Structure formats: structure tokens, C-alpha cells
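# What the coordinates show
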Amino acid sequence: MADKPVKGEKRFFVTGNEVVAWAALAANAEIMYGYPITPQNEVMHYWTRLAPKYGRRFLQTEDEISAGFTTVGGVLSGARAFTATAGPGNTLMQESMSMAEMMQIPTVVVVQQRGGPSTGTVIYSQQEVTMTCFGGNGEGFRVVYSTGSHQELYDYVIKAFNTAWKYRIPTFVLGDGYQAKMRESLIMYDPEERGIQMVPTEKIVGASGVPGVDREPKHLRNTYNTEEELYKVVGDLAKHYWQVAPEIEEYEEFDCADAETVIVAHGVVTRAAQGAVKELREQGKKVGHFRPITLRPFPKKAMEKAIQKAKEILVVESAEGQLAKIVKAEIYGSDIPITGYFRPGMGITAEEIVEYILNKG
Amino acid sequence: MAREYKIALAGEGGQGVQSVASIIVEAANDKGREALYIPNFGVEQRGGVSIAFIQIADEKIGSPKFKIADIVVALSDRSVRRTAQYVDHRTTFVYDASIKGVEDDLPKNAAKIYAIPAIEVAKTELHPRVFNIIIMGAVIEATKVIDIDSAKEAIEKKLGYKFEQDPKLRELNFKALERGVELVRQVTN
């Protein structure tokens, strides 16, 4: 087999889709399953160009329903496998990811959000938050990392494989069309050289040894006969999820300690929120920014701490309140008023957040 | 050089605005500066106006798109109309002198408006193929985001393999770059 795809540390200037492909290679992903959809196409494009050089594989399926299920199948066979999609493709993958939740299959899905509902635009949005966190007929036993830069796309794609395999929870990296298509600089690195060990994979189906003799027999099911059986299984899943959630939760905060207005934003919009805080602080306004990196599980305790001095919370997102809905549920009981600056399917700049906050008084 | 520059380059498909944008940002990145480039990539890119949004700065850059550009370069009548939204009183607006019928559509609020005869120069003095390199020269002269030697290095990096086969192409491209610089100097001085 060829050398390691990424050696040492090196500055790159590429699109986000190319970053995802390199990160998956660096994480020793063995196979990608996929079906083309804009703005995710170039993840596949780069993967198919790079993968053969490093002994990795690719399977193009007939649609996203199949891409989701083949990813599940690949993981069951013990492969570090992933897929990438967007918009209506994400919709079609919900059935397979619901299965992954039920059977604790460590799939990794990269989502580059586009405008919706339906075909919407091929460009950009943050309208796949609810679906990526809670899609399918399940309980949202998933990990969703919302990235805001090329560096984070690289870091979190690598991390997603480890989170998935360590905790056996389906894991999503939630990007967007801007991150997919733009070029900016980042440092790529060999995870091992930074002390990041890839969590080993194992065969979930077809493990070696005689079941019941050499090892515990596995009984992989997503169908149950009685209410009580299912209730027990889902209860165990819930218990596991909430137990590991505090280890998984991630966030960033900016000037929240004395902030009277806390801007909550995720993904690429954090860049605008950070810019707005900087500008408003220069004008003497007590404004801070709380950014959940994991939208699921949500960093509830950290957010509660960040809003201790807040008189108002402003949720800023390129969707009609999908993050706001999560925030409201998570800080239920707080009496701080929550308002929203919602721009479904539209990019948001620092200048417009500043203007909005100053104008509303 | 220290300040942050926001540039919107707009033209018809085939005028090469996206390739110019990518050469400029790569040159800036090679010099260790922060650059961010995003094309508009809606379905309209097939047969519509093609816009490149570029930002170059010394620190990490914020939102990928912006509301107001420091400089707008519009290379067709539709591009002039389409990019008026990125202009305010701080913006330098550059358009091609050969575009007809846009006098009333030029953004009246722009800080400065310059018409440069890039299409004409490409056709009569050089070659239509290097039109976008003339535009690149115009952009770097108007913004100073990179110097001309860095621009030449970046062009060499991108097109060097073609220059190997035909060294005259190198000369033609570098000449186009220099002419672009001159066209802006003529209108700004």
C-alpha cells in the first residue's frame, strides 16, 4: 500500500469538499459510499481521485437510500466507512441512519447543507439542523458536529470516526454549501503525529470465533415483538447516550462572562457572530457569543453558564428557527427573553448582525 | 497592503472571472496572507452572470460572502446591473468601456467609477484569450492585494505547463497583466 496520505503538517488552500476527502483519508477511512448531489459532489470527486492511490475504495450507489444503507453495511463488516450528502439526499438517508441509531452502528455522514424545503437551492443554508439531529423515527441518539471553517472540517471529520467507533453512535459532520465550495487556508496533519489514535474498528457481523463458545453471540436487531422488549432496548440506548453525552459535548464562547446580549449561532454563522461581538465590544456594548459545536448532544450546562448575566438571547441562523427551537428546549425554565434573526437559506454577515442589534435598541 | 480587501468580480460565463479569482487568491495565500474565495454557484451559473467573491486580509476572514465590496469589477451589461447591490459610498466600481447601454445602471453611490477598455485591448493589441489576465492586472493595480511579481509567479504556477510548450504564451500573458495594470493607472492618475 502507498504511503500515508498526509505527512507532517502542511498548509493547504482548497475547497471544503476537498478538505473532507483528505480528512477521511487521513483518518484511515477505508470506503466511501455515495450518490452525487450539489454542493457535496466534490467530496466524492476528490475521494475517487485520491482513494485508489492509498488502497481505499468507493462505491457509487443508485440513490441516497442505498448510499445510507451501504454505509451501514460497510460499517457492519468492520470497515471505517462514510458517506456525504446534502438536502433531499439527507432526507433519504434518514431511514438508514435511524437503523444505525437502533443498532448502534458507527456510521459517519458528512452533510453540506443546501437551501430547502425540497430541492430548494443548491447553494447554502442551515435548514438541515432538525433533520440531522432528530431525523427518522427515532430519538435523536446521534452526534452532530457543526463546523465553521476548513480547519474544523478537517479536525471534525477525523474526530467523527473516533466518536462514532468509540461510543457506537452514528455521527454527523454538519457543514454547508459555503464551506463546501469556498477556498481558504488550513493546516492538514497526520492525526497520529498529533497524538490522535484512530479508534480501532471491528467486525460487527462475522466476527471471528464460534458464537456462544469463543465469544458472546451477537443478536443484531432492529425489529422487536413486544412493547416491553422495545422499551427496554430504547431505554438502554437512552441511558448510554446520556451517560456519554457530557464527554462528547463541545462549544465555544466569546465574551459571555459579562454579556447582557448573548448571540447564539452555529456553523459558518459563528464567523459573523464573532465579528459582530468584536465590533459591538469596540462600541462599548456588552455582547457575547455562545456557539454550540455539538448541536446534538447540546452543551446545555455550558450554555446555562454563558447566559448567567444575559438580559436577552438572540439566536442567529440561516434557517427559520431550527437552532432556536433546540435552544428554547435546552434552557427551559430560564426567564431570559429569546428572539431570533432568521434568514432561511441566506448567508449572514457580521455587519448585518451589528446593524440588527443596534437598530433594535 | 495591511487592510482587508473585499472584491466582487462579475462577468459572463467564459470571461474567466473564476479562474482569475482563483489565481489571485492562490497568489495571496502563497505570500502567507489569509484569503477566502467563493464563487456563486447556483443553477444560474449555466448561462447566467458568474460572480467571484474574494476576501484578502492579514487575519482569518469572517463570513464567506459580503454585502459591500471595496472593489467591484463588472465585465458585461448584466454584470453591471447585478453587482450594483454590492456597492456603497466606499466602493470603487470598474467596468469595461465597451459595454453599451448601462450608463443609467451604473451605481451612482460608488466612491469612484472607472471604465477601462480591457475587451478592446485584448482584441486589438493582444489576444481575446488573455482578456481575463488583463482583468487580473487591473484588479491587482486597483487593490494592491498582491504585487505584480507575485501575480506573475501565480500565473506561472497555473499555466507554466502551457508556457513550456509555447514560451510566447508566457510573454503574452505577462504583457496582458502589465496592460491591465496600466489601464487602471491611466484612469486613476
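If you're wondering where the values come from, they're calculated on a predicted model, not measured in any experiment.

Further remarks concern the overall build of chain B. If you tally the helices and strands in chain B, you get six helices and six strands. Traced from its N-terminal end to its C-terminal end, chain B shows the element sequence β-α-β-β-β-α-β-β-α-α-α-α. Per-residue burial over chain B gives 48% buried out of 189 residues.

With that out of the way, let us pick up the overall build of chain A. Within chain A one finds 12 helices and 14 strands. Its C-alpha atoms give chain A a radius of gyration of 21 Å, near enough to 21 Å, the size a compact globule of 361 residues would have. Reported as C-alpha extents along the three principal axes, the dimensions of chain A are approximately 70 × 50 × 40 Å. Evaluated residue by residue, chain A yields a buried proportion of 50% over its 361 residues. Taking the intrachain contacts of chain A between residues at least 6 apart in sequence as the baseline, contacts between residues at least 24 apart amount to 79%.

All right, on to the interface of chain B and chain A then. On the chain A side, the residues contacting the 19 residues of chain B number 20 residues. Considering every element that reaches the side of chain B that touches chain A, the biggest residue donor is strand 2 (residues 34–39) of chain B, with six residues. Here the side of chain B that touches chain A is composed, by residue class, of 11 nonpolar, four polar and four charged.

With that out of the way, let us pick up the packing of helix 1 (residues 16–26) of chain A against helix 2 (residues 41–50) of chain A. Helix packing for two helices is described by the angle between their axes and how far apart those axes are. All names here are of chain A. Between helix 1 and helix 2, the shortest axis-to-axis distance is 7 Å and the interhelical angle comes to 45 degrees. The angle between helix 1 and helix 2 falls in the class oblique. Note on packing geometry: the crossing formed by helix 1 with helix 2 is right-handed. Here Asn17, Glu18, Val20, Ala21, Ala24 and Leu25 of helix 1 lie close against helix 2, whose contacting residues are Glu42, Val43, Tyr46, Trp47 and Leu50. Its residues assigned to classes, the contact of helix 1 with helix 2 comprises eight nonpolar, one polar and two charged.

So, on to the pairing of strand 14 (residues 338–342) of chain A. Residue and element names in this part refer to chain A. Of the pairings in the sheet, the one linking strand 13 (residues 312–317) to strand 14 comprises five bridges and is parallel in character. Bridging across to strand 14, glutamate 317 finds its partner in phenylalanine 342. With respect to chirality, the unit in which strand 13 leads through helix 11 (residues 322–330) into the neighbouring parallel strand 14 is right-handed.

All names here are of chain A. One open sheet accounts for five strands, arranged 9-11-10-13-14; its pairing is mixed. Edge strands, defined here as strands with exactly one partner in the open sheet, are strand 9 (251–254) and strand 14. Strand-to-strand twist in this sheet, taken as the mean axis angle between neighbours without regard to direction, amounts to 20 degrees. The sheet strands contacting helix 11 are strand 10 (261–264), strand 13 and strand 14, and the helix crosses strand 13 at an angle near 145 degrees.

This part covers the domain arrangement of chain A. Residue and element names in this part refer to chain A. Here the domain parsing of chain A yields domain 1 (9–194) and domain 2 (252–360). Here domain 1 and domain 2 have C-alpha centroids that lie 26 Å from each other. Of the residues lining the interface, 22 residues belong to domain 1; the matching set on domain 2 comes to 18 residues. Where the side of domain 1 that touches domain 2 is concerned, the elements lending two or more residues are helix 5 (129–134), strand 6 (143–146), strand 7 (171–176) and helix 7 (177–181). Take the side of domain 1 that touches domain 2: its biggest share by element is four residues, from strand 6. When the residues that make up the side of domain 1 that touches domain 2 are grouped by side-chain class, the tally is eight nonpolar, 12 polar and two charged.

So, on to unusual backbone geometry. All names here are of chain A. In this structure, proline 117 follows glycine 116 across a cis peptide bond, with omega equal to 5 degrees. Along the polypeptide, proline 117 turns up in the loop between strand 5 (108–113) and helix 5. Cis geometry marks the peptide bond from arginine 296 to proline 297; its omega dihedral reads -10 degrees. One non-glycine residue, glutamine 104, lies in positive phi territory at about 55 degrees. If you trace the backbone, glutamine 104 turns up in the loop between helix 4 (87–103) and strand 5. Note on glutamine 104: 18 C-beta atoms within 10 Å, which makes it partly exposed.

What counts and what doesn't
- In every chain, residue numbers begin from 1 and rise along the written sequence.
- For this description, chains carry letters from A and ligands carry numbers from 1, given in the order in which they are written.
- Residues qualify for local features only when their pLDDT is at least 70, as the model is predicted, and side-chain atom pairs are given and counted only at 80 or more; totals for whole chains, interfaces and linings, by contrast, use all residues.
- Going along the chain from the N terminus, every DSSP run of H or I of four or more residues is numbered as a helix, and every run of E of two or more is numbered as a strand.
- Working definition of burial: number of other C-beta atoms within 10 Å of the residue's own, with buried at 20 or more, exposed at 12 or fewer, and partly exposed in between, all C-beta atoms being placed from the backbone.
- All radius of gyration figures rest on C-alpha atoms, and the globule criterion is 2.2 Å times the number of residues raised to 0.38.
- Whether two residues are in contact depends on their C-beta atoms, placed from the backbone: they are in contact if these lie within 7 Å.
- Residue classes follow a fixed rule: Ala, Val, Leu, Ile, Met, Phe, Trp, Tyr, Cys and Pro count as nonpolar, while Asp, Glu, Lys and Arg count as charged, and any other residue, Gly among them, counts as polar.
- Note on definitions: angles span 0 to 180 degrees between N-to-C directions of axes, and those axes are lines fitted to C-alpha atoms, for helices only across the stretch in contact.
- The cut-offs work like this: below 35 degrees is roughly parallel, past 145 is roughly antiparallel, 65 to 115 is roughly perpendicular, and the gaps in between are oblique.
- By definition, turning the near helix anticlockwise from the far helix through less than a right angle yields a left-handed crossing, and turning it clockwise yields a right-handed one.
- Two strands are said to pair when DSSP picks up at least two bridges between them.
- For crossovers, right-handed means that the path from the first strand over the helix to the second runs clockwise, given strands pointing away from the viewer.
- Domain borders in the structure are assigned automatically or taken from a domain database.

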